[in-house]
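What follows is the residue order along each chain.
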Amino acid sequence: MLSMKQSLVRLILLSMCLCLLPLGAFAREDAAEAISGEITGYEFDVSFEMHPEYYAEEQQMFATAAAGIINPMTLSGTYASDGVYFNLAAEMMLNGAESTRTPISINGTKDQWLIRSSLLGEEIINLHLVYLLEFAVKGYNHMQVPYQRAAILLTPFVDLIGMDELHSQIAPPLEKAVAQRQFTKKAMLEFADIVQKIALENRGFRYWVAALLMETGYNDVFLECLSQLRSWVEETVPSRGITVTGNESQQSWMMGQTEIYRWEKDETGTERIRLHLPSLPMEYTVTCKMEQAASGEQDLMLLITDWAEETVIYLTMEGSLPTALPLSGPFTLRWHAEGVAVGPEPIDLYLDGWQEGENITLRQLTPDQSQTLMAIRLRMAPTDVENFVQEANVGTHLTNLNTQSLGELTNNIAMPLLEGVLPLLVELPASTCQKVMDLLDESGIFGLLTESFFMEESLEGEGIYDEEW
């Protein structure tokens, strides 16, 4: 059963993701653009539909409160980008009531956002996304609110810092179309030393692992396994090393008599991968199988077991997610996870979506696919761009706040936030407001916010970003 804090956590994350949805929808468009200075623009409208009656009984309070907020909500605005900078200008409304019209703008690059809103008054929030994941991890450590679930999807952390160094070491050996080659044990030991160095010294990689795994309790275990990689190579890899054979359509890695990796590609373009790593450091075993068709459809299976042959995680995924807009066709995604890292109850997720003209529909269905839990409807159309802005480094840096600067920010936005929120509360049903207030109170968030006004100990000069986790 979900606790009050868990319910509030999901409500907070849901609101964060919904408010930032337009940015995520166009992110792939930016990546596909050549950086030529040519500005492209879209106008968009977003609406939401949530059915709390189809959620599990223990989730009813959260689902009802969330539905009461997002079902009457609409977002409308424009998005423009030159391939480096982007401008997002949107307005949020509840039930179409003019009194609830709330402007929000986000300008910047994929690394840095400048956020303005009537809810913030004259304040400009300067958000460095490279540091957002680190900030989110610390938010979870201090408040038990898993901001990192949303942050890991929004930031370029994985590409820019977290994985680049590791990927640069792993990618070359996986190159296809090799006739035969040998990775000597000496080369494997050198590779293990590099990976260990990344695990122990790359701050970005450590925070990425923390954000991905900390709720499971296995983030430290994963890093410990990497730190013991050299010992594993010394004990497990035979003296002749690893033999790689292959051609343009297949590749095999043999460690003694054991095949640890195989890649195949058939005449239809379908690729199949199998990875099996027995007796890893700390006695974990990893088995992974993946099949990807030329159309993008994927089947994935991941199994990790421990020294007692207990399932740490068993994950399966079927289908695909869209990689660009407009959608090339309808899509479905089925996701199932179970095991010690997941918890006592398995997790099942079913998503689908399609596009008709300018209108895109994304849905989350019940596990049996009989009912819609949530639907997001997005209309997007090309538009002319006026007053495109390439802004400088201004505003309050959210990821480097200390007690003094946090107090100043709170004082500056308190009145405009109150003036902006009151019309929204008036428009919401009284039952929804009461459920949200109950969640805030019982989760302890009200108490946490109240304490921030009475903290006497100053941490001036010591930012949240610099704190050890």
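Residues numbered from 1 in each chain as written. Predicted model: local features only at pLDDT ≥ 70, side-chain atom pairs only at ≥ 80, totals over all residues. Heavy atoms only, no water.

A few words on the pairing of strand β17 (residues 359–365). Alignment of strand β16 (residues 343–356) against β17, held across seven bridges, turns out to be antiparallel. Bridged to E356 within β17 is N359. Hairpin geometry of β16 and β17 is characterised by an intervening segment of two residues between the two adjacent antiparallel strands and by a positive phi of about 65 degrees at G357. Pairing geometry for β17 and strand β18 (residues 372–382), over seven bridges, is antiparallel. Bridge pairing links L362 to I376 in β18. (Pairing = 2+ DSSP bridges. Helix = DSSP H or I, 4+ residues; strand = E, 2+ residues; numbered from the N terminus.)

This part is about the confidence of the model for the protein chain. Summing up the model confidence of the protein chain, the mean pLDDT is 78 and the portion of residues at 70 or higher is 78%. Across the protein chain, element-level confidence peaks in strand β3 (residues 86–94) with a mean pLDDT of 94 and bottoms out in helix α1 (residues 4–19) with 41. Ignoring residues within four places in sequence, the model shows residues 1–36, a span with pLDDT below 50, making 85 contacts including any to other chains. (pLDDT = per-residue confidence, 0-100. Contact = heavy atoms within 4.5 Å.)

On to the packing of helix α8 (residues 185–201) against helix α11 (residues 229–236), then. Relative to each other, α8 and α11 sit at 160 degrees, their axes nearing to 8 Å. One element, α8, and the other, α11, form an angle in the roughly antiparallel class. The way α8 lies across α11 gives a crossing that is right-handed. Contacts between α8 and α11 involve K185, M188, L189, A192, D193, V195 and Q196 on the former and, on the latter, L229, R230, V233 and E234. Across the contact of α8 with α11, the residue classes break down as six nonpolar, one polar and four charged. (Axes fitted to C-alpha atoms, helices over the stretch in contact; angles between N-to-C directions. Parallel < 35°, antiparallel > 145°, perpendicular 65-115°, else oblique. Left-handed = near helix turned anticlockwise from the far one by under 90°. Nonpolar A, V, L, I, M, F, W, Y, C, P; charged D, E, K, R; others polar.)

Let us look at unusual backbone geometry. In the Ramachandran plot, Q369 falls in the positive-phi region, its phi being about 65 degrees despite a non-glycine side chain. Turning to its location among the elements, Q369 is positioned in the loop between β17 and β18.

Here N107 lies in strand β4 (residues 102–108). In contact with N107, not counting residues within four places along its chain, are F86, N87, L88, Q112, W113, L114, R116 and E391.

So, about the nonpolar core. Ranked by size, the top nonpolar core spans 74 residues in total, and within it M50 and I242 carry the most contacts. Within the second largest apolar cluster, six residues are counted, among which are Y218, V221, Y284 and V312. (Core = buried A, V, L, I, M, F, W, Y, C linked by side-chain atoms within 4.5 Å. Buried < 20%, exposed > 50% of the residue type's maximum accessible area, 1.4 Å probe, protein only.)

Counted by the stated rule, this structure contains 15 salt bridges. One salt bridge connects D45 with R379, and the closest N-O pair in it is separated by 2.6 Å. Of this pair, D45 sits in strand β1 (residues 40–50) while R379 sits in strand β18, and the two are 334 residues apart along the sequence. Under the relative-accessibility criterion, D45 is labelled partly exposed at 29%. R272 is the partner of D266 in a salt bridge, and the nearest nitrogen-oxygen pair spans 3.2 Å. By relative accessible area, R272 is classed as partly exposed at 32%. Here the salt bridges share partners, and the residues they tie into one network are E43, D45, E358 and R379. (Salt bridge = Lys/Arg side-chain N within 4 Å of Asp/Glu carboxyl O.)

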